[in-house]
Amino acid sequence: MKTPPLLIGLSLLLWGNATGMLWTGAALAAGFELRWLTRSRAVLELSDQAVTLFFDCCLLIAAGSALFLFLSPDDPPVGKTLLLWLPLVFAPLALAQAYSRRNRIPFSALARLPGRRRPDANTAPDNLRAGFDFLPVYAGMACVAAAGANPQRLLFYPAIAVLTALFLFANRPVRGRLPFFLIILVLALSTGFVTQDGIERAQRWARAYAHRMIKGPFEVRTAIGEIGELKISRRIVLRVELPQGMRPPLYLATSAYNFFDGSNWTASNATFVPLEPVPETDEYVLSPGAETAKEGSPSIRIFQDLVRGEGLLPLPPHTASIAGMGADVVETSGLGAVLVDDAPGFIAYNATMRAGAHRLGPPLPIDGLVTPANRDVLEPIVQRLGLRDLEPAEAARRVQQYFHTNFSYSVVLERNRPELTPLQEFLTVSRSGHCEYFATAATLLLRQAGIPARYTMGYAVWEPGPDPGIYLVRESHAHSWPRYWSGERWMDIDPTPPLWLPEDTEALSPLQWLWDWRADAAFAFMRWRYAAQNSAARGWLLAGAGLLAVFLIVRIARRGGLRRRRMAETRRRIRAAAFGADSPFYTSIAEVERRMPRRPGEPVLAWLARAGAMHLVPAARLHYRYRFDPRRDPDRDEALRSELATTAGEAGKGVPKNTPLQNRD
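What you are looking at is a predicted structure, and each value in this text was computed from that prediction instead of being measured.

1. Some remarks on the side chain of Thr3
Okay, so step 1: Here Thr3 lies in the segment before α1 (7–19).
Okay, so step 2: The class for Thr3 is buried, based on a relative accessible area of 9%.

2. Topic: the nonpolar core
Okay, so step 1: Among the nonpolar cores identified, the biggest contains 41 residues, and Leu12, Phe32, Phe90, Leu93, Phe134 and Tyr138 are the most heavily contacted of them.
Okay, so step 2: Of all elements in the fold, only α1, α2 (22–33), α3 (48–71), α6 (91–98), α7 (107–110), α8 (134–148) and α9 (156–170) reach the threshold of two or more residues within this core.
Okay, so step 3: It is α8 that contributes the most residues to this core, nine residues altogether.
Okay, so step 4: Setting aside residues no more than four positions away along its own chain, Phe134 makes contact with Phe90, Leu93, Ala94, Gln97, Ile105 and Met141.
Okay, so step 5: Core analysis: the next-biggest nonpolar cluster, separate from the first, contains 40 residues, Ala256, Tyr257, Phe403 and Ala453 among them.

3. A few points about the pattern of salt bridges
Okay, so step 1: Throughout the structure, instances matching the rule amount to nine salt bridges.
Okay, so step 2: For Glu394, the salt bridge identified is with Arg397, shortest N-O distance 2.5 Å. Here Glu394 pairs with Arg397, and both are found in helix α12 (residues 392–406), just three residues apart, close to one helical turn.
Okay, so step 3: Among the residues examined, Arg397 registers a relative accessible area of 43% and is labelled partly exposed.

4. Focus on the sheet that holds strand β15 (residues 329–333)
Okay, so step 1: Taken together, the four strands give an open sheet; going across it, the order is β10-β15-β16-β13, and neighbouring strands pair in antiparallel fashion. The two strands at the open ends of the sheet, each matched to only one other strand, are β10 (272–274) and β13 (311–312).
Okay, so step 2: Relative to β15, β10 runs antiparallel, the two sharing three bridges. Bridge pairing in β15 links Phe272 to Ser333.

5. A short note on the sheet that holds strand β7 (residues 250–257)
What holds strands together in a sheet is hydrogen bonding between their backbones, with the strands either parallel or antiparallel.
Okay, so step 1: Reading across the sheet, the four strands line up as β7-β21-β24-β25 and stay open at both edges, with antiparallel pairing between neighbours. This sheet does not close on itself; its edge strands, each paired only once, are β7 and β25 (490–492). Pairwise comparison of adjacent strand axes, ignoring direction, gives a mean angle of 40 degrees for this sheet.
Okay, so step 2: The pairing of strand β24 (residues 478–485) with β25 spans three bridges and is classified as antiparallel. Bridged to Trp485 within β25 is Trp490.
Okay, so step 3: The sheet strands contacting helix α14 (residues 435–448) are β21 (453–461) and β24, and the helix crosses β24 at an angle near 10 degrees.

6. Let's talk about helix α11 (residues 372–385)
Okay, so step 1: Here α11 spans 20 Å end to end across 14 residues, near enough to the 20 Å set by a 1.5 Å rise per residue.
Okay, so step 2: Helix geometry: α11 is bent most strongly at Leu378, by close to 40 degrees, with proline Pro380 lying one to four residues after it.
Okay, so step 3: Residues of α11 that are buried: Asn374, Val377, Leu378, Glu379, Ile381, Val382 and Leu385.
Okay, so step 4: Buried residues along α11 sit in contact with β8 (259–260), α12, α13 (422–430) and α14.
Okay, so step 5: Just past α11, the residue Gly386 takes up positive phi, approximately 65 degrees.

7. Quick word on the environment of Tyr284
Okay, so step 1: Relative to the helices and strands, Tyr284 is located in strand β11 (residues 283–285).
Okay, so step 2: For Tyr284, a relative accessible area of 5% puts it in the buried group.
Okay, so step 3: Sequence separation of Tyr284 and Ala323 is 39 residues, and the distance between their C-alpha atoms is 6.1 Å.
Okay, so step 4: Beyond its immediate chain neighbours, meaning those up to four positions away, Tyr284 contacts Leu275, Glu276, Pro277, Ala320, Ser321, Ile322, Met325, Ala327 and Val330.

8. Observations concerning the packing of aromatic side chains
Two measures describe an aromatic ring pair: the distance that separates the ring centres and the angle between the ring planes.
Okay, so step 1: All chains considered together, the criterion is met by 19 aromatic pairs.
Okay, so step 2: Plain terms: the ring middles of Phe134 and Tyr138 are 6.3 Å apart, the flat faces sit at 45 degrees to each other, and that makes the pair tilted. Of this pair, Phe134 and Tyr138 both sit in helix α8, four residues apart, which is roughly one turn of the helix.
Okay, so step 3: The class of Tyr138 is buried, set by a relative accessible area of 0%.
Okay, so step 4: Ring geometry for Tyr251 and Trp481: centres 5.2 Å apart, planes at 50 degrees, overall tilted. Placement of the pair is Tyr251 in strand β7 and Trp481 in strand β24, with a sequence separation of 230 residues.

9. Let's talk about the confidence of the model for the protein
Okay, so step 1: This prediction gives the protein a mean pLDDT of 77; 75% of its residues lie at or above 70.
Okay, so step 2: Summarising per-element confidence for the protein, the mean pLDDT is lowest in helix α18 (residues 565–571) (46) and highest in α12 (93).
Okay, so step 3: This model gives residues 560–578 a pLDDT under 50, and the stretch forms 34 contacts once residues within four places in sequence are excluded.
Okay, so step 4: Per-residue pLDDT stays below 50 along residues 653–665; that stretch engages in 38 contacts with residues further than four places along the chain or on separate chains.

10. As for the environment of Arg301
Okay, so step 1: Tracing the backbone through its elements, the reader meets Arg301 in strand β12 (residues 299–305).
Okay, so step 2: Using a relative accessible area of 29% as the deciding quantity, one classes Arg301 as partly exposed.
Okay, so step 3: On a C-alpha basis, the gap between Arg301 and Ala323 in space is 9.6 Å, while along the polypeptide they are 22 residues apart.
Okay, so step 4: With residues up to four places along the chain from it excluded, the contact list for Arg301 reads Arg239, Val240, Glu241, Ala348, Tyr349 and Asn350.
Okay, so step 5: Of the polar contacts made by the side chain of Arg301, one reaches the side chain of Asn350; its length is 3.1 Å.

11. Digging into the pairing of strand β16 (residues 338–341)
Okay, so step 1: Direction of pairing for β13 relative to β16: antiparallel, over a ladder of two bridges. For Leu312, the partnering residue across the bridge sits in β16 and is Leu339.

12. Thoughts on α8
Okay, so step 1: If you check α8, its first and last C-alpha atoms are 21 Å apart, about what 15 residues at 1.5 Å a residue would give, namely 21 Å.
Okay, so step 2: The element α8 is largely enclosed, with a buried count of 11 among its 15 residues.
Okay, so step 3: Every buried residue of α8 is listed here: Phe134, Leu135, Pro136, Tyr138, Ala139, Met141, Ala142, Cys143, Ala145, Ala146 and Gly148.
Okay, so step 4: At the N-terminal boundary of α8, the capping side chain belongs to Asp133, with an oxygen 3.3 Å from the backbone nitrogen of Leu135.

13. With respect to the pairing of β21
Okay, so step 1: Within β21, eight of the nine residues are buried, which leaves it mostly tucked inside the rest of the structure.
Okay, so step 2: Pairing of β7 with β21, which is carried by seven bridges, proceeds in the antiparallel orientation. From the neighbouring strand, Ala253 faces β21, where its bridge partner is Gly458.

Procedures and definitions
- Residues numbered from 1 in each chain as written.
- Predicted model: local features only at pLDDT ≥ 70, side-chain atom pairs only at ≥ 80, totals over all residues.
- Heavy atoms only, no water.
- Helix = DSSP H or I, 4+ residues; strand = E, 2+ residues; numbered from the N terminus.
- Buried < 20%, exposed > 50% of the residue type's maximum accessible area, 1.4 Å probe, protein only.
- Core = buried A, V, L, I, M, F, W, Y, C linked by side-chain atoms within 4.5 Å.
- Contact = heavy atoms within 4.5 Å.
- Salt bridge = Lys/Arg side-chain N within 4 Å of Asp/Glu carboxyl O.
- Pairing = 2+ DSSP bridges.
- Axes fitted to C-alpha atoms, helices over the stretch in contact; angles between N-to-C directions.
- Expected span 1.5 Å × (residues − 1).
- Bend = angle between axes of the 7 residues up to and from the residue.
- Phe/Tyr/Trp six-rings, centres within 6.5 Å; stacked < 30°, edge-to-face > 60°.
- pLDDT = per-residue confidence, 0-100.
- Polar contact = N/O pair within 3.5 Å; in protein donor to acceptor, adjacent residues only side chain to side chain.

Written as structure tokens, this is what we have:
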């Protein structure tokens, strides 16, 4: 393959513009394209040993960058960031080849594979060894990294098309007709444009579909009406550190919902609004006046993993303020959900509680809505319990006592009366279900009694962890409960029978200890990673990377892998890797090669005819006999070489035996 001028430079400019590192891309582009301005492109002599060291240096840069990103408190995506940094990581190897005499990098020089090697493997010419030209590969890396930045700009695909056309035009078939080549190129680029446009449209549709299916804080799909055993994962999702004196259980709410359609709860009028932090702090106030009542307020510390830096925060009741998320965006809704975005993948934040904290607004008309389909089954229970004649707090206590006394908890769901709705069968026939049934029924009962109520989801904290004072929260600890309006503020109750916690932990896997051990180890590492002293670790990492770079440079220089060309030419002695590599024909065509370089794959005789050097054709025919005649005889070979030298001399380019060769077929 041939790397045309400006290909690498334009690719690096595209990469710099897409990734926001335009000046870096421009500097690298200038470094590569300035080689065309030198008197001779080959400035450095690059040995196999130097190639190996440069490649090892690139791998070490990649490994060091990955480790630095992994330890970074900003928690950037390691894989994607390394993809964007590919042109920087492999720039040393690409620059070394660009300013050297080598047109190919042998595979054997990149990796020292175990096993016995041929003694003459390193002395063979590059065109006789398995390898590749790294420069077009490097240009492709720059384009891939630019695409990884996902710029979504109108001119991005045309820029890629121009670079592709430039590369393909420089490497088009020698005997191919230019019009046919241009037609095929235009068709290929047009097909690529249509394909990428279709992929982009499909991606937008898939994202919109996923947004409709996964509502997050706006809609939750319950298991009400389903049958069979409710499968719940035992994966650890949170760790909670309680202050001294506070005992579990503790409920952490993630979101609340106010409209029930028979199977799903929806958050209506739950618009998220951004929160501003307290000046010069990372604290966000959720309840008015909380900043003036911090003395003696208990605070819990929550450790949470986020997917792509986004998620809902589980918060305890009466949360007045939160701090320590490290998020760029913090939003809250009128129903109490707190959403963070652009946050690290692992966060450890403090939730400060204060009695009487009012972070939720007053009830809405929809908080008292009961659909006609459910009123017939709810009204007899409301009358039997006398809920309408009670204060909201007493009515809520009586509803809770009613479910604790007359119902049982079960994760095995059955339907014996299909003519009834799932909620009717739960309240009148089975009297058994999981927390979603209890929370839904209690919420609707309170509403039927005229008390505004909401359906709340979150987690129950109760399982002690291996570290003192830290409790584990698993997916199986996800819970639902109602939240009612007492007349002054929102209050929580839990109508689910207290035995639900042991029920959810009975069927632990025999290997659960192994999964927990792995989670504990990951948690310990993440705590160390985000500790304040890790800034020192990053400093030591940079210092170590600098020392390693100095060591590699000194090693390359001392081993003689990288030398100036003039010094190398005076000491260089080529050993033949294949018979005929010392043919005088190579020296006789040196001047022709300088004036008109031979195209990749172009036959020698056709090239000589194109260059107007037909006087070298007899020498070329003798050269092929000398190199490829399978009948080997020392006397005959020496005579043939002498004849070849004589013929080359008659052409005006006679050379003595063992002349250093530069270009070999």
